Amino acid sequence: MTTNNFTHEMETRLNDFFTDKIDCKEMAKLIREVNNALSICVMRKCETIEAEIKNVDDNFYWLNKLAEVLDPYLEA
């Protein structure tokens, strides 16, 4: 995992995105919905997704991490 500091421009774009385009909680909800759909597809061995299992696995992990940053849901 790499950790980079956001540039001011990146912070501004993220702030604008979550201010003007979509609420953080709504984005987290959408991420979880997509991850759920992908998980079901993988478990059912959907042929379209099967070739991308590793990619789906990595993306699932990082999208969940982002969802938890935007709207903590799984924290104990």
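Residues numbered from 1 in each chain as written. Predicted model: local features only at pLDDT ≥ 70, side-chain atom pairs only at ≥ 80, totals over all residues. Heavy atoms only, no water.

**Q** Explain the overall build of the chain to me, and be specific about the residues and the numbers.
**A** Looking only at helices and strands, the chain has 4 helices and 0 strands in total. Starting at the N terminus and walking to the C terminus, you meet the elements of the chain as α-α-α-α. In the chain, buried positions account for 17% of the 76 residues. By sequence separation, contacts in the chain at least 24 residues apart represent 57% of the contacts at least 6 residues apart. With an accessible surface of roughly 6500 Å², the chain has 56% of that area assigned to carbon and sulfur atoms. (Helix = DSSP H or I, 4+ residues; strand = E, 2+ residues; numbered from the N terminus. Buried < 20%, exposed > 50% of the residue type's maximum accessible area, 1.4 Å probe, protein only. Contact = heavy atoms within 4.5 Å. Areas by Shrake-Rupley, 256 points an atom, 1.4 Å probe, with all protein chains shown as cover.)

**Q** Quick one: what's the story with the pattern of salt bridges, residue by residue and with numbers?
**A** Overall, the coordinates contain 1 salt bridge when judged by the stated rule. Linking Glu68 and Arg32 is a salt bridge whose minimum nitrogen-to-oxygen distance equals 2.7 Å. Residue Glu68 is found in helix H4 (residues 53–70), and its partner Arg32 is found in helix H2 (residues 24–43); the two are separated by 36 residues along the sequence. Of the two residues, Glu68 and Arg32, both sit in the buried class. (Salt bridge = Lys/Arg side-chain N within 4 Å of Asp/Glu carboxyl O.)

**Q** Quick one: what's the story with H2, residue by residue and with numbers?
**A** If you check H2, its first and last C-alpha atoms are 28 Å apart, about what 20 residues at 1.5 Å a residue would give, namely 28 Å. Backbone geometry just downstream of H2 places Lys45 in the positive-phi region, at approximately 60 degrees. (Expected span 1.5 Å × (residues − 1).)

These figures come from the coordinates and say nothing about function on their own.
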